[in-house]
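Survey of secondary and tertiary structure
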Amino acid sequence: MKKTKKKKRAFVSLRMNILFFVVFILFSLLILRLGIVQIVYGDDYKREIDRKENVTVNTSVPRGKILDRNGKIVVGNKPLNAITYTRPKNIKQEDILKVAEDLAKLIKKDTKADFKAITERDKKDFWILKHPDEAEAKVSKAEIKKLKNDNSKIYKLTLDRITEKEFNSFTKQELEVLAIYREMIGGYPLSPQVIKNKNVTAKEFAVVSENLDKLPGVDTTTDWDRYNVYKDKEGNETLGSVIGKISSSKEGLPKDLVDYYLARDYSRNDRVGKSYIEYQYEDILQGKKEKVKNVTDKVGNVLDSEVVREGKRGDDLVLSIDIDLQRKVEKIIKEKLGSARIGQPYMDRAFVSVMNPYTGEVLSMAGKQYERDKKTGNTEINDYALGNMTTSYSMGSAVKAATVLTGYQTGAIKPWERLNDRPLQFLNTKVKKSWNTSGFGLINDLYALKRSSNVYMFLTAMKLGGQQTYIPNGPLRIDKVAAIEKFRKNFAQFGLGVKTGIDLPGEQIGFGGGQIPPEAGKVLDFAIGQYDTYTPLQLVQYISTVANRGYRIQPHIAKEVREPSSKMDEMGPVIQEIKPKVLNKVDMKEEWIDHVKVGLEQVVNDPLGTGYGTIKNKKYKIAGKTGTAQALYDGPVSHSPGLMLWNVTFAGYAPYDNPEIAVSVVVPWSTTDKTHVNLEIADEVFKAYFELKEKREKDGLDTATSTKKVENIKDAKEQQSN
């Protein structure tokens, strides 16, 4: 028994000794390894520890192009030679100043634009940098102690004590250095900042490139600038206001959207769309930025860079706009408005919207405005295409088709119903009558549209408001609240008084919606388009709804999105196509709309029609409605209070038996209702469209996209239900 226990103790001791020996060997190896690491590779690992990986930097890429429906470039990118500066982290201001001074010897800054951008604060900061001892003497030691060594308060006191003479003491050469210096410190660490990309001469580019080793952080590269291909003689860009603007690298991200863009991987100095198309389609046009990962030492110097993701130019946006038609329409407006406004001190603008009534594609959206230059006093004509969606006017008789259809829908009148057109005299009111002072007599609805009878519309409004009979010199007894609500509800089905839904920001609705007329007579005025106001874009959507037999189509200015192409003369493959969107189907019988369309056809093609004499291009089978509205002037010209002027309008489509385009024309603020500038413009616009179409067909070009329509209304119904 004892022998067994002794054997066990001996066996345990042996195992413990072996274990201790193994542990000893392992610790010896570990100590040896640590010694090798510390002694042999210590410096290498220390340097590696000092290295650190910085935040990934995004590098801007050119924006996508904007093209018209036929592939013509409207807005592109112009390559520019550029000089940039990438500021290391933790660099001293004195070192940046030294680079700026050296760079100023090699390049010239634009003395007008760049010097103008220099602020008083910039000059004071620069003075402190150039005169450190004098700046330090601005605040005494006692004051520093009193301020408890608060650097921000000391700095502010120093700035306040720099005199105007001191901060304005810089020479032209020093100001040039300052202009460069402020660009260098304006960016973010490790993010390239453009120092100069406009008017960089070949000599400047070459000299800077040769001296990059002496200019730490400076680089020569290729940048881009946005440009509009089409301009008129006055320098106005075609569709300029609709295209919108982008910010400069100095402006960077809009202050109110900084967080939004930063969350989407933008840099603070990125150029982004500020307005309209450039803003609306920012996600498409911006592109995929190159990502560069920088490795720096602990001081902030870049040791190595690695491209994590290759950059890619933004996708191309193809507009529904036909740029050739757009330019012709702009020229028509300019010529016709220029002639018509002679002797017209208030008529300063005109608008035209052209739309495919079946797809909603906006083929042209043009506007011109005469403005007086505040500096020179000269009158200039400028682009005002945006006015089609941002300004509204009383449209007059152009809306009478909606009035007649509202009459049908509410049961106030029936197709072919005859009413007596004669001057109406209500109790204690002025006479209300048609433009034919004696009246047209007993007429039907089509004749009322053709001759633009006001009284027929007044009587319809009375019936709609509950008064079935007109009593000479009697009171006007209608339910104005119920009547105006019925009118607005039905007008809205056509797009009047509601947003059209166009794919652009800033669309306006107009004025009057929701207001109850102060007197019943205003309801009668509403029936002839002289109470609520509408935009020219609403007017073209309304007439498009009539043209396509009751489908309100959302207008859109973007047609499709395409991948960028490497070939200049080719478009890339389609990524997305903007399809027609039916907003609503009017709650009316299609035969009623067809009946009203006969009246609109007669307006232009019947010798008694109000548009017959001026609209001469009958071969294009134009149908539409003329309009004249007396309206209160609210324009920019100084005037006496309560000045009443005339808006002249037109809304139509062609061909009337198979509509391809719908057109609205609005010319506000004429001193006379006898002008026909609205009809002259409309006539020329229809002519321009069909001549372009005929020319393209003759040249063998594909015009299918220009006249594409929803062939089967069933498709439109399905779109609406979806």
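Right above here is the structure, for reference.
Residues numbered from 1 in each chain as written. Predicted model: local features only at pLDDT ≥ 70, side-chain atom pairs only at ≥ 80, totals over all residues. Heavy atoms only, no water.

Here's the deal with the overall build of the protein chain
Short version of the rule: Comment: elements are numbered from the N terminus, with helices defined as DSSP H or I runs of at least four residues and strands as E runs of at least two. Under the scheme applied here, a residue whose accessible area is under 20% of the maximum for its type counts as buried, over 50% as exposed, and between as partly exposed, the area being computed with a 1.4 Å probe on protein chains only. What makes two residues a contact is simply this: any of their non-hydrogen atoms within 4.5 Å. Here the accessible surface of atoms and residues is derived via Shrake-Rupley with a 1.4 Å probe, and residues count as covered only by protein chains that are part of the display.
In terms of regular secondary structure, the protein chain is built from 27 helices and 21 strands. For the protein chain, buried positions account for 49% of its 722 residues. Expressed as a percentage of contacts within the protein chain between residues at least 6 apart in sequence, the contacts between residues at least 24 apart total 72%. About 36,100 Å² of surface is accessible on the protein chain, with carbon and sulfur atoms providing 52% of the total.

So, a nonpolar patch on the surface
Our working definition: For patch building, the residue pool is restricted to those with more than 30% relative accessible area and no salt bridge; the joining distance is 9 Å between like charges and 5 Å between nonpolar side chains (Val, Leu, Ile, Met, Phe, Trp, Tyr). By convention in these notes, a salt bridge is any Lys or Arg side-chain nitrogen within 4 Å of a carboxyl oxygen on Asp or Glu.
Judged by side-chain polarity, Leu 14, Ile 18, Phe 21, Val 22, Phe 24, Ile 25, Leu 26, Leu 29, Leu 32 and Ile 36 come together as a nonpolar surface patch covering roughly 960 Å² of accessible area. Secondary-structure assignment places Ile 25 in helix α1 (residues 2-40). The class of Ile 25 is partly exposed, set by a relative accessible area of 35%.

Focus: the pattern of salt bridges
It is possible for side chains of opposite charge to pair when their charged atoms get near one another. On inspection of all chains with the given rule, the structure shows 35 salt bridges. With a closest N to O distance of 2.6 Å, Glu 660 and Lys 693 form a salt bridge. In this pair, Glu 660 sits in the loop between β20 (644-654) and β21 (661-670) while Lys 693 sits in helix α25 (residues 677-698), placing the two residues 33 residues apart along the sequence. Of the two residues, Glu 660 and Lys 693, neither departs from the other in class, the shared state being buried. Bridged by salt links that share partners, the residues Arg 63, Arg 226, Glu 278 and Glu 282 form one connected network.

Considering the side chain of Lys 625
Stated precisely, the cut-off is as follows: Contacts described as polar in this section are N or O atom pairs within 3.5 Å, which, within protein, must combine one atom able to donate a hydrogen with one able to accept it, while residues neighboring in sequence count only if both atoms come from side chains.
By the element assignment, Lys 625 lies in strand β19 (residues 623-632). One polar contact links Lys 625 to Thr 626, side chain to side chain, over a distance of 3.5 Å. If we skip the residues at most four places from it in the chain, Lys 625 touches Ser 397, Ala 398, Lys 400, Leu 449, Ser 452, Leu 600, Val 603, Thr 610, Thr 649, Phe 650 and Ala 651.

Some remarks on unusual backbone geometry
In this chain, Ala 654 is followed by Pro 655 through a cis amide linkage whose omega measures -15 degrees. Examined against the element boundaries, Pro 655 turns out to sit in the loop between β20 and β21. Even without a glycine there, the phi angle at Asn 428 is positive, about 60 degrees. Looking at the element boundaries, Asn 428 is found in the loop between β13 (418-421) and β14 (441-444). The exposure class of Asn 428 is exposed, given its relative accessible area of 75%. Within the chain, Lys 621 stands out as a residue other than glycine whose phi angle is a positive 55 degrees. In this structure, Lys 621 sits in the loop between α24 (590-605) and β19. Residue classification places Lys 621 among the partly exposed residues on the basis of a relative accessible area of 33%.

Some points on α24
Applied cut-off: To estimate how far a helix should extend, the number of its residues minus one is multiplied by 1.5 Å.
Look at α24: 22 Å from first C-alpha to last across 16 residues, which is about the 22 Å you get at 1.5 Å a residue. Among all positions in α24, only Glu 590, Trp 592, Ile 593, His 595, Val 596, Lys 597, Gly 599, Leu 600, Val 603 and Val 604 are buried.

Here's the deal with the packing of aromatic side chains
The condition is simple: Between 30 and 60 degrees the pair is tilted, below 30 it is stacked and above 60 it is edge-to-face, where a pair is any two Phe, Tyr or Trp rings, Trp via its six-membered ring, whose centres lie within 6.5 Å.
For the structure on display, the rule yields 19 aromatic pairs. Ring centres of Tyr 393 and Trp 669 lie 5.9 Å apart, and the angle between their planes is 75 degrees; on these two criteria the pair is classed as edge-to-face. Residue Tyr 393 is found in the loop between α17 (387-390) and α18 (400-410), and its partner Trp 669 is found in strand β21; the two are separated by 276 residues along the sequence. Given a relative accessible area of 4%, Tyr 393 falls into the buried group. Since its relative accessible area comes to 3%, Trp 669 is described here as buried. Ring geometry for Tyr 633 against Trp 669: centres 4.9 Å apart, planes inclined by 80 degrees, an arrangement best described as edge-to-face. Of this pair, Tyr 633 sits in the loop between β19 and β20 while Trp 669 sits in strand β21; the two residues are 36 residues apart in sequence, bridging distant segments of the chain. Grouping residues by exposure puts Tyr 633 and Trp 669 together as buried.

A few points about the packing of α18 against helix α20 (residues 454-464)
So the rule is basically this: Simply put, an axis is a line fit to the C-alpha atoms, just over the touching stretch for a helix, and the angle between two N-to-C directions goes from 0 to 180 degrees. Crossing handedness follows the turn of the near helix against the far one: under a right angle anticlockwise gives a left-handed crossing, and clockwise gives a right-handed one. Three residue categories are used. Nonpolar comprises Ala, Val, Leu, Ile, Met, Phe, Trp, Tyr, Cys and Pro, charged comprises Asp, Glu, Lys and Arg, and polar comprises the others, including Gly.
Contact pair α18 / α20: the axes reach a minimum separation of 10 Å and the direction vectors enclose 35 degrees. Every pair of crossing elements has a handedness; the one defined by α18 and α20 is left-handed. Across from Lys 400, Thr 403, Val 404, Thr 406, Gly 407 and Thr 410 in α18, the residues of α20 making contact are Asn 454, Met 457, Thr 460 and Leu 464. Per-class residue counts for the contact of α18 with α20 are three nonpolar, six polar and one charged.

Here we look at the pairing of β21
Going by this rule: Pairing between strands is defined by DSSP: at least two bridges between them are needed.
Of all 10 residues that make up β21, 10 are buried, and the element is covered over most of its length. Where strand β10 (residues 349-355) meets β21, five bridges bridge the pair, whose relative direction is antiparallel. In the sheet register, Ser 353 faces β21, and the bridge partner there is Ser 664. Pairing geometry for β20 and β21, over eight bridges, is antiparallel. Bridge assignment links Tyr 653 to a residue of β21, and that residue is Ala 662.

So, the packing of helix α16 (residues 323-340) against α25
For clarity, the cut-off: Should an angle fall under 35 degrees it is taken as roughly parallel, and over 145 as roughly antiparallel, whereas 65 to 115 is taken as roughly perpendicular and any remaining angle as oblique.
Packing of α16 against α25 leaves a shortest axis separation of 10 Å and a crossing angle of 155 degrees. The angle between α16 and α25 falls in the class roughly antiparallel. For the pair α16 and α25, the crossing hand works out as right-handed. Here Asp 324, Leu 325, Lys 328, Val 329, Ile 332, Lys 336, Leu 337 and Ala 340 of α16 come into contact with α25, specifically with Val 677, Glu 680, Ile 681, Glu 684, Val 685, Ala 688, Tyr 689, Leu 692 and Arg 696. By residue class, the composition of the contact of α16 with α25 is 11 nonpolar, no polar and six charged.

Points about the sheet that holds β19
Spatially, β12-β11-β10-β21-β20-β19 is the arrangement adopted by the six strands of the open sheet, whose pairing is antiparallel. Each having just a single partner strand, β12 (379-383) and β19 make up the two edges of the open sheet. Shown here is a sheet whose adjacent strand axes are inclined to one another by a mean of 10 degrees, direction ignored. Pairing analysis gives 10 bridges linking β19 to β20, with the strands arranged antiparallel. Residue pairing across strands places Thr 626 opposite Phe 650, the latter belonging to β20.

Some remarks on the pairing of β13
Alternating residues of β13 divide into Leu 419 and Asp 421, all buried, and Arg 418 and Asn 420, none buried. Two elements, β13 and β14, share four bridges in a ladder whose sense is antiparallel. In the strand pairing of β14, Arg 418 is matched with Asn 444.

Things to note about the side chain of Asp 683
For the record, the criterion: His is not counted, nor are the chain ends, whereas Lys and Arg count as positive and Asp and Glu as negative.
Its location among the elements puts Asp 683 in helix α25. Of the side chains with opposite charge, Lys 616 comes closest to the buried, unpaired Asp 683, at an N-O distance of 6.7 Å. When residues no more than four places from it in sequence are discounted, the contact partners of Asp 683 are Thr 614, Ile 615, Lys 616, Asn 617 and Ile 622.

Everything listed is a geometric property; what it means functionally is a separate question.
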